[in-house]
Amino acid sequence: MQAAYKRYRVIAFLLVVLMLVLADHLASPTFAFNMGDGRAQTALNQRDASACAPCGAPCPSTRK
Amino acid sequence: MSEVAASILGSTRPRSDGFRDDEFRSDRFIAGLALAGMLVVGGLVWLETAPFLVALFAVGVVLGVALYHGAFGFTAGWRNLVTKRRGAGMRAQLLLFALSSLIMIPLLGSGQPGMVGAVAPIGVSLVVGSFLFGIGMQLGGGCGSGTLFTVGAGNIRMLVTLLFFIVGAVVGSIHLPWWLDLPAVDPISLIDVAGVPGAIAIQWLGLALVMLWVNRVERRAHGEVQRGELQCSPTENGWWRTLLTGRWPFVWAILVLAVGNALTLAIGGAPWGITFAFNLWGAKALQAVGVDMSQFEFWTWDYPAMALSDSVLVNITSVMNFGLLLGAMWAAGMANRFNEASRQRPQGRPFLAAVIGGLLLGYGARLGFGCNIGALFSGLASGSLHAWVWFACAFVGSLIGIRLRPMFRLAN
């Protein structure tokens, strides 16, 4: 049976995604911190305890 | 290679009768590529960020495998109830919510510091968002998790849905502050209202009522209720082969998804979510081409701002989504079905449905504070009242979406 996909396309797609992730990471404070920049503000625990919803939205009662 | 492994991986050893044993053959290329991807991403997370994120990445992989092998589709489950009057998929979801509530409400009620539930306000934004999401589910062909795991399994049409899901989510994030200014009330947590035992009792009562309604619909149409969701043993192959190649009985998927969400809460401090990452990826793409996202209120709030300024490898939702994609890809490779659904490229109206569905999914998910996972599954497991409102409104939207499907030449 003929394959449902082309191997090179799958590899190319995954490589593009990996490149995008790497480009984002290399420009991030976390990478800068790991490279010795102690002033870089990383956010390993990204959470806002005062938020009203998982996306970080404020509560209706606190809005004007 | 052991006999068991050979039977799973598709041995090429000649049989005594001269034929090759190719009754079943996994797609080693895809399965291997997915494993290599897991090693690369897992290794990057390990080297660059923190061990707890590696654990969450692994949880994401397992959840992706469970969603694929369990064929745990929220969208199809709802549609089967409406069009075929069959409720097994819907009951499987209700059982998942009941089990998760039993595990996660006590965890959240224990008052562990740094642990928050998926609670959200109830108002116009939630009602409109979940309603639009319900329509989008049926046009797009999947919900948040469904879109992600089918993309991982190589479905081209769902890749279109995902791309427009991201677009819709970003637009939704820009509009969300306006929607939040419309009438709404602060989150209502059943744990705060009734305590842990009371919250579980209310949840179970609500889920039991929905299940009775589902059973009634099925019994009226068919005279009996099929109990496929309670089956524990594999139907065709042995346990070991079914575990690695599917299709899993619903019970297996329910157990893995419930434990996976509880682990996400225990390790990451918040229940499982999916769609925030779509927001983030879209916003990062815009930022990369020069758009200043800080001009939009959503991206000035603490959590979105933190996520936007740092690596996606530090964002829990993104890391888990990467795991889910690769887990589903591995599972599809093991089942020898990678890209199987995409032999015919989406064209014309089905393509348009994927575009519109994706936009509605994204916009709706942002206004409704998440998708079937973040708002419904995690919301119910957190004892949040908003999840019930989300459930009802998304179901009504789904009814409309089902009616619209034939217009886009999508089968019901």
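This text goes with the structure placed above it.
Residues numbered from 1 in each chain as written. Chains lettered and ligands numbered in written order. Predicted model: local features only at pLDDT ≥ 70, side-chain atom pairs only at ≥ 80, totals over all residues. Heavy atoms only, no water.

(A) Looking closely at the packing of aromatic side chains. Residue and element names in this part refer to chain B. Evaluated as defined, the whole model comprises 26 aromatic pairs over all chains. Between phenylalanine 74 and phenylalanine 97 the ring centres are 6.4 Å apart and the planes differ by 15°, which places this aromatic pair in the stacked class. Highlighted residues: phenylalanine 74 in helix α4 (residues 74-84) and phenylalanine 97 in helix α5 (residues 88-109), separated in sequence by 23 residues. Their ring planes at 40° and their centres at 6.4 Å tell us that phenylalanine 276 and tryptophan 299 sit as a pair that is tilted. Of the two residues, phenylalanine 276 is situated in helix α12 (residues 275-288) and tryptophan 299 in the loop between α12 and α13 (302-309); the sequence distance between them amounts to 23 residues. Take phenylalanine 276 and tryptophan 299: they sit in the same class, and that class is buried. Feature note: the residues Phe72, Phe74, Trp78, Phe97, Trp213, Phe250, Trp272, Phe377, Trp388, Phe391 and Phe395 constitute an aromatic cluster, connected by ring pairs. Over the ring of phenylalanine 250 we find arginine 247, and its NZ or CZ is 5.6 Å from the ring centre. (Phe/Tyr/Trp six-rings, centres within 6.5 Å; stacked < 30°, edge-to-face > 60°. Helix = DSSP H or I, 4+ residues; strand = E, 2+ residues; numbered from the N terminus. Buried < 20%, exposed > 50% of the residue type's maximum accessible area, 1.4 Å probe, protein only. Lys NZ or Arg CZ within 6 Å of the ring centre and 35° of its normal.)

(B) Molecular detail of the state of the cysteines. Residue and element names in this part refer to chain A. Under the defined criterion, the tally for this structure stands at one disulfide over all chains. In this model, cysteine 52 is linked to cysteine 59 through a disulfide, with the two sulfur atoms separated by 2.0 Å. What sets the handedness of the cysteine 52 and cysteine 59 disulfide is the S-S torsion sign, and at about 90° it is right-handed. (Disulfide = S-S within 2.5 Å.)

(C) Spotlight on the nonpolar core. Residues and elements named next belong to chain B. Ranked by size, the top nonpolar core spans 114 residues in total, and within it Phe72, Phe97 and Trp272 carry the most contacts. With 13 residues, helix α14 (residues 316-334) is the single largest residue contributor to this core. Setting aside anything within four residues of it in sequence, one finds tryptophan 272 in contact with Leu63, Leu67, Leu257, Asn261, Thr264, Met320, Leu324, Ile373, Gly374, Phe377 and Ser378. Counting residues in hydrophobic clusters, the runner-up holds 11 residues, among them Met104, Leu108, Met115 and Leu265. (Core = buried A, V, L, I, M, F, W, Y, C linked by side-chain atoms within 4.5 Å. Contact = heavy atoms within 4.5 Å.)

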